[in-house]
Amino acid sequence: MPIQSKEIRLKAYPKGYPNEEDFELTTLELPEPKKGEVLIKNLYMSVDPYMRGRMTPRKSYVPPFEVGKAMEGAAVGVVLKSLNPGLKEGEHVVSMLGFREYFLSDGSGLLKVDPNLAPIEAYLGVLGMTGLTAYVGLKRVAELKENERVLVSAASGAVGSIACQIAKIMGCTVVGTASSDEKCAWLLNELKIDKAINYKKAQNLPHSFAEALPEGIDVYFENVGDVFLEAALENMRDFGRVVLCGMIALYNLEDPKPGPSNLFLAITKRLRLQGFIVSDNLDMREAFLADMTRWIQEDRIVWRETVFGGIENAPKAFLGLFDSENIGKMLVKLA
Ligand code: NDP
């Protein structure tokens with residue numbers, strides 16, 4: 001019997017803040033798998049801030065989504081039918097073919113994952129690209145050392161929450177920012193960071209950072225940009241490192257905003273500001289998985305997910321990232 005599969009397509013390139021009208025839900029019929037193919041049923045899919053960049057038709061490190069076509073992104077699914085000797089029915093795989101309920105594949109681009117090690121959805125967060133992003137950012141880009149003072153913005157998000165905990169495991173003093181008291185309480189009580197700043201309540205961000213880390217910041221893990229970067233630059237210690245991971249505060253601006261206004265501090269304080277893209281660092285995946293699975297087994301890492309149900313709610317989940325709706329990884333449960 002042919003399978004009916006719902007998928008989310010990009011209807012139009014959004015201008016400024018995207019809204020639900022920029023996406024459409026379509027149903028299509030998939031044929032039976034042919035020799036060499038597998039039929040995958042997606043169970044969870046990821047929504048990520050970087051997808052906003054793919055909704056703008058410009059050249060970047062990944063091509064833009066095509067209007068009228070299904071969007072893409074990380075997903076974890078189960079093999080329903082297999083005519084491919086490399087994959088057995090019931091095995092779980094991560095792919096980049098999210099935003100759809102089912103798909104056919106010849107097996108290329110599928111990564112088998114072990115559901116006995118952790119719940120499968122963890123392969124989209126703590127054991128997936130977001131966990132790896134935090135690991136690469138701190139270990140390779142920041143070259144973080146024991147006992148340093150670390151500031152993480154969007155600290156209760158997917159990348160931020162793992163970055164906070166890796167820095168704690170490395171014996172650092174860690175301060176994080178988030179948008180609510182509930183998120184700050186989670187950061188303090190469960191992730192055991194040293195201080196959490198509710199930036200919505202902060203009168204003066206540079207002052208709040210100075211209060212939280214009076215000796216200054218050795219490593220700033222940047223997820224937000226804009227006034228957060230300026231406030232961090234103000235408080236960096238000499239020879240500090242700024243890990244430019246993301247700048248979500250800028251992703252929906254129609255015109256680029258000038259700044260940071262105090263970038264000259266990078267000279268006087270001899271700072272290193274370095275951007276990175278996680279997918280350039282897949283050589284670190286093995287070391288990351290070894291460390292992360294050990295930390296999980298030793299109960300040194302906690303994580304949370306904010307889960308929307310049903311593929312029709314994938315646009316809502318994506319938009320929620322820009323409204324601070326998630327604690328931990330934002331996911332969509334498809335089945
Ligand atoms: P998150 O789980 O952190 O979700 C986004 C969070 O950002 C929200 O929950 C919200 O938390 C915060 N936020 C949203 N809008 C604003 C705003 N205007 N001002 C301040 N804070 C805001 O997402 P990810 O962990 O997936 O990604 C975090 C960052 O890392 C993003 O910038 C992303 O682009 C980047 N990234 C970079 C990668 C790379 O390879 N360089 C790979 C993966 C992610 P709150 O407001 O409560 O703090």
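Residues numbered from 1 in each chain as written. Predicted model: local features only at pLDDT ≥ 70, side-chain atom pairs only at ≥ 80, totals over all residues. Heavy atoms only, no water.

Draft legend 1. Summary view of the site of the ligand. Around the ligand sit 26 residues in total, of which Ser 179, Tyr 199, Val 278, Ser 324 and Asn 326 are the nearest. A distance of 2.6 Å separates an oxygen atom of the ligand from a polar atom in the side chain of Ser 179. For the ligand, an oxygen atom lies 2.9 Å from a polar atom in the backbone of Asn 223. When isolated, the ligand has an accessible area of 910 Å², and the protein chains bury 92% of it. Of the residues assigned to the shell around the ligand, the class counts are 17 nonpolar, eight polar and one charged. The residue makeup of the shell around the ligand includes at least three contributed by each of domain 1 (3-124 + 303-333) and domain 2 (129-279). (Near = heavy atom within 4 Å. Polar contact = N/O pair within 3.5 Å; in protein donor to acceptor, adjacent residues only side chain to side chain. Areas by Shrake-Rupley, 256 points an atom, 1.4 Å probe, with all protein chains shown as cover. Nonpolar A, V, L, I, M, F, W, Y, C, P; charged D, E, K, R; others polar. Domains from an automatic or database assignment.)

Draft legend 2. Representation of helix H1 (residues 129-141). Extensive coverage of H1 is indicated by the burial of ten of its 13 residues. For H1, every residue scored as buried is listed here: Thr 130, Gly 131, Leu 132, Thr 133, Ala 134, Tyr 135, Val 136, Gly 137, Leu 138 and Val 141. On its buried face, H1 sits against helix H2 (158-169), strand S11 (217-222), strand S12 (236-244), strand S13 (272-275), helix H7 (285-297) and strand S15 (329-333). Where H1 terminates, the next one or two residues include Glu 143, which has phi positive at roughly 50°. (Buried < 20%, exposed > 50% of the residue type's maximum accessible area, 1.4 Å probe, protein only. Helix = DSSP H or I, 4+ residues; strand = E, 2+ residues; numbered from the N terminus. Contact = heavy atoms within 4.5 Å.)

Draft legend 3. Fine view of the domain arrangement of the protein. Domains assigned within the protein are domain 1 (3-124 + 303-333) and domain 2 (129-279). Listed by partner, the interface residues are 18 residues for domain 1 and 14 residues for domain 2. Carbon and sulfur atoms make up 62% of the surface buried where domain 1 meets domain 2, a total of about 1,400 Å² over both sides. Linking domain 1 to domain 2 there are zero salt bridges. For the pair domain 1 and domain 2, the number of links is four residue pairs in polar contact (both at pLDDT 80 or more). Split by residue class, the side of domain 1 that touches domain 2 holds nine nonpolar, four polar and five charged. (Buried area = accessible area lost by both parts, 1.4 Å probe. Salt bridge = Lys/Arg side-chain N within 4 Å of Asp/Glu carboxyl O.)

Draft legend 4. Local environment of the environment of Leu 191. Following the sequence through the fold, Leu 191 ends up in the loop between helix H3 (181-189) and strand S10 (195-198). Leu 191 gets classed as buried once you look at its relative accessible area, which sits at 4%. In this structure, the C-alpha to C-alpha distance between Leu 191 and Leu 250, residues 59 residues apart in sequence, is 27 Å. Residues contacting Leu 191, with those up to four places away along its chain left out, are Ser 161, Cys 164, Gln 165, Lys 168, Trp 186 and Val 302.

Draft legend 5. Region of the structure containing the side chain of Ser 82. Assignment of secondary structure puts Ser 82 in strand S4 (residues 75-82). Ser 82 sits in the buried class, given a relative accessible area of 17%. Polar contacts involving the side chain of Ser 82 include one to the main-chain carbonyl oxygen of Leu 87, which spans 2.5 Å. The residues contacting Ser 82, other than those within four sequence positions of it, are Glu 37, Val 38, Leu 87 and Glu 89.

Draft legend 6. Fine view of the pattern of salt bridges. One pass over the full model with this rule turns up 23 salt bridges. One salt bridge in this structure joins Arg 241 and Glu 148, with 2.7 Å as the shortest N-O distance. With Arg 241 in strand S12 and Glu 148 in the loop between H1 and strand S8 (149-152), this residue pair connects regions lying 93 residues apart in the sequence. Judged on exposure class, the residue Arg 241 and its partner Glu 148 are both buried. In this structure, Arg 149 engages Asp 218 in a salt bridge whose closest nitrogen and oxygen atoms are separated by 3.0 Å. Residue Arg 149 is located in strand S8, and its partner Asp 218 is located in strand S11; the two are separated by 69 residues in the primary sequence. In this structure, Arg 149 and Asp 218 share a single accessibility class: buried.

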